[in-house]
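Chains, contacts and geometry: an overview
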Amino acid sequence: MGTSAASIGAAIRRTVIDQSRRAHVGHIGSALSVSDLLAVLFGTTMNGTPDDPDRDRFVLSKGHAALALYAALHEAGHLSAEDLDTYCADGSPLGCHPEHPVPGIDFSTGSLGQGLSLAAGAALAARMQRSKRRSFAVLSDAELNEGSIWEAVMFAAHHKLSNLVAIVDVNGQQALGYTRDVIDLHPLADRFGAFGWDVHEVDGHDTETLERTIAGLDVEQGPPHVLLANTTFGYGVDFMESKIEWHYWPLDEHQYASAVEQLEAAR
Amino acid sequence: MRPQFAQGILQLAERDDRVALLTGDLGFTVLEPFAERFPDRFFNVGVAEQNMIGVATGLAEAGMVPFAYSIATFASLRPYEFIRNGPALHQLPVRIVGVGGGLDYGHNGVSHYALEDVGVMRLQPGVTIVVPADPAQAAAALEATADLDRPVYFRVGKEAQGIPGLEGRFELGRAALIGSGRDVALIALGPMARQATEAADRLNEADIGATVAVISSLNPSPEEDLAELLADIRLAVTIESHYVNGGIGTFTAEVIAEHGLDSRLIRCGVRDMPRGVTGTVGYLNEEHGLSAERIAETVQIALQPSGR
């Protein structure tokens, strides 16, 4: 098996299915939709090990996709298989939302709308400390309902935080319905553009395009960057795709077998 | 004491390049010296307190010591969850500076009165609260917390003069005592030391001996000092420009109960949301029983045989 971001994404999806089945917990659809985004970031894009003070920083602002993050950290060699098997176990630091005491997790998250400010602070710190490190944040699209996100959007644009890269997981889904029916975000690219950001609309499951797009960003000068990554909620498992119930449900035995079969067939 | 406090931050920044200053678009005539001296470490983040705390958290994670400045209500209540999930959860040295505690903003009305800031901050484990009584104590408190590797909430009032007998004494987790009377303990939160010491003078004229205990820090809190003080003083009166719930009135009740003391406690403070009533701070203090005269009256009534 190679170490392309695509193969890492597939491995993340398999871990998400295995661990959510073992732990009998939900948030599966959302973890699958960011699988390729995290594969690119942790597999082939971000610099530095967790103990390097000059590492690139990462914020999973949509903290409920934590399982995908643990899987990505595992693929990157920062989290052992034994640790991964404590997901949602009593006393484990690996809960349904990420906690910073876990090596490789820079910021604890879980309350939506806070992560972009953290990432903006991290980007500003890098500039003040004359470091070339970058700051990445993965946001959910529904999270953009939070007003505080737009405080951070304005701040980052005003200060031209070119080393800040926000990636919005545009899966069109939120907790009680589709984003277009709850709080319509359209036209999202125009909105970010109007706020002064460098906007890129990308396929959030096309790892090569994601890698190329991020590599092509000017992180030394100019505006902050946002990738509007069009993704599929529940990606890779046909009965989950774009089905809101998979924000909540754990897998039963039959569903698990079917999901594994589909994911393995697609590898 | 705002200018002196801002001067203190500037002095810290002179010797510590980790120090940065963020403001939520407030601090006219107060923050300019810092902005001019350290333009690369000063950021007016605009009227956006949530983002201010989030950015401060990101800065602190990278090793900076950011001060985040606004009016006390806006600094504490608007970004409260950001404070909880940011510097409190990550145990990072973010300094939140809330100016104008309690009723300080007088005519500006209830939106500007910080009447629960100390209470809500006290709920967060590991968030140190500092309420300097006067400029000298503010300087000492900034010094004492300069290297603290956890968040601090500073409630910076408008007291511009020194409190007689305090002489800038400040120690985290300790109460500063003024006087040694044994009839009543006047336990004051920060700048209310002014009213407490004046009330003590009035009581002294009536042959009532008071000890003033100035509480200027919580988390760590002066639990042992209060327990020792109240071991042989039967009447404790807390004085705070804050709701009577959640602040030092509540703290003192906890000390009395947990140490099995038998002091009576009277809590002076704001008891109801002051809707539709503004005025000068002096007027408001009088209305809420927080003037020296009203405090002395409260003590005298309590000490009468039928005072209960």
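Residues numbered from 1 in each chain as written. Chains lettered and ligands numbered in written order. Predicted model: local features only at pLDDT ≥ 70, side-chain atom pairs only at ≥ 80, totals over all residues. Heavy atoms only, no water.

Going by an unreviewed UniProt entry, chain B carries the name Transketolase-like pyrimidine-binding domain-containing protein and comes from Solirubrobacter deserti.

An unreviewed UniProt entry annotates chain A as Transketolase of Solirubrobacter deserti. For the record of chain A, the UniProt heading Sequence similarities (unreviewed entry) holds the text "Belongs to the transketolase family." The record held by UniProt for chain A lists under Cofactor (unreviewed entry) the comment "thiamine diphosphate". (UniProt positions renumbered as here; feature names shortened; annotations may be inferred.)

Residues and elements named next belong to chain A. Where burial is concerned, most of strand 7 (residues 225-230) is hidden: 5 out of the 6 residues are buried. The pairing of strand 6 (residues 198-203) with strand 7 spans 6 bridges and is classified as parallel. In the sheet register, E201 faces strand 7, and the bridge partner there is L228. Regarding the hand of the β-α-β motif, the stretch spanning strand 6, helix 10 (residues 207-215) and strand 7 is right-handed. (Buried < 20%, exposed > 50% of the residue type's maximum accessible area, 1.4 Å probe, protein only. Helix = DSSP H or I, 4+ residues; strand = E, 2+ residues; numbered from the N terminus. Pairing = 2+ DSSP bridges. Right-handed = clockwise from strand over helix to strand, strands pointing away.)

What follows covers a nonpolar patch on the surface. Judged by side-chain polarity, L176, Y248 and W249 of chain A come together as a nonpolar surface patch covering roughly 400 Å² of accessible area. What makes W249 of chain A partly exposed here is its relative accessible area of 45%. (Patch = residues over 30% accessible without salt bridge, like charges linked within 9 Å, V, L, I, M, F, W, Y side chains within 5 Å. Areas by Shrake-Rupley, 256 points an atom, 1.4 Å probe, with all protein chains shown as cover. Salt bridge = Lys/Arg side-chain N within 4 Å of Asp/Glu carboxyl O.)

Each pair of packed helices can be summarised by the angle the axes make with each other and by the distance between the axes. Residues and elements named next belong to chain A. Contact pair helix 6 (residues 115-128) / helix 7 (residues 147-158): the axes reach a minimum separation of 8 Å and the direction vectors enclose 20°. What the angle tells us is that helix 6 and helix 7 run roughly parallel. Crossing handedness for the pair helix 6 and helix 7: left-handed. Here helix 6 contributes L116, S117, A120 and L124 to the contact with helix 7, which in turn contributes S148, I149, A152, V153 and F155. Of the residues in the contact of helix 6 with helix 7, the class split is 7 nonpolar, 2 polar and no charged. (Axes fitted to C-alpha atoms, helices over the stretch in contact; angles between N-to-C directions. Parallel < 35°, antiparallel > 145°, perpendicular 65-115°, else oblique. Left-handed = near helix turned anticlockwise from the far one by under 90°. Contact = heavy atoms within 4.5 Å. Nonpolar A, V, L, I, M, F, W, Y, C, P; charged D, E, K, R; others polar.)

Let's shift gears to the domain arrangement of chain B. Residues and elements named next belong to chain B. The domains assigned to chain B are domain 1 (2-156) and domain 2 (175-303). Its C-alpha centre places domain 1 at a distance of 26 Å from the equivalent point of domain 2. In this complex, domain 1 contributes 27 residues to the contact, which on the side of domain 2 involves 31 residues. Taking both partners together, domain 1 and domain 2 bury about 2200 Å²; carbon and sulfur atoms supply 59% of that area. Looking only at domain 1, the three residues that lose the most surface to domain 2 are L103, L115 and R122, adding up to 34% of its buried area. Between R122 and E254 there is a salt bridge whose closest N-O contact spans 2.9 Å. (Domains from an automatic or database assignment. Buried area = accessible area lost by both parts, 1.4 Å probe.)

Residues and elements named next belong to chain B. Pairing is mixed across the open sheet formed by 5 strands, whose spatial order is 7-9-8-11-12. Unpaired on one side and paired on the other, strand 7 (175-178) and strand 12 (264-270) mark the two borders of the sheet. When the angles between neighbouring strand axes are averaged without regard to direction, this sheet yields 20°. Pairing of strand 8 (residues 184-189) with strand 9 (residues 210-215), which is carried by 6 bridges, proceeds in the parallel orientation. Note that in strand 9 the partner of V184 across the bridge is A210. Across the sheet, helix 8 (residues 193-205) is in contact with strand 7, strand 8, strand 9 and strand 11 (235-243); its angle to strand 8 comes to roughly 160°. Sheet contacts for helix 10 (residues 248-258): strand 8, strand 9, strand 11 and strand 12; angle to strand 11, the most-contacted strand, approximately 150°.

This part takes up the interface of chain A and chain B. The interface is formed by 25 residues belonging to chain A together with 22 residues belonging to chain B. Summed over both partners, the interface of chain A with chain B comes to about 2000 Å²; 62% of that surface belongs to carbon and sulfur atoms. A per-residue breakdown of the area chain A buries against chain B is headed by Q114, M128 and E151 of chain A, which together make up 28% of the total. Counting the contacts that link chain A with chain B gives 2 salt bridges. With a shortest N-O distance of 3.0 Å, R55 of chain A and E61 of chain B are connected by a salt bridge. The greatest single-element share of the side of chain A that touches chain B, amounting to 8 residues, is contributed by helix 6 of chain A. For the side of chain A that touches chain B, a count of residues per class yields 9 nonpolar, 10 polar and 6 charged.

Here we come to the packing of aromatic side chains. Residue and element names in this part refer to chain A. All chains considered together, the criterion is met by 10 aromatic pairs over all chains. Relative to F192, the ring of W150 lies with its centre 5.2 Å away and its plane at 40°, an arrangement referred to as tilted. Separated by 42 residues along the polypeptide, W150 in helix 7 and F192 in helix 9 (residues 188-194) bring together distant segments of the chain. Look at W150 and you get buried, because its relative accessible area is 16%. Aromatic pair W150 and F195: ring centres 5.0 Å apart, planes at 45°, arrangement tilted. Placement of W150 in helix 7 and of F195 in the loop between helix 9 and strand 6 is noted, with a sequence separation of 45 residues between them. Ring pairs connect the aromatic residues W150, F192, F195 and W197, which therefore count as one cluster. (Phe/Tyr/Trp six-rings, centres within 6.5 Å; stacked < 30°, edge-to-face > 60°.)

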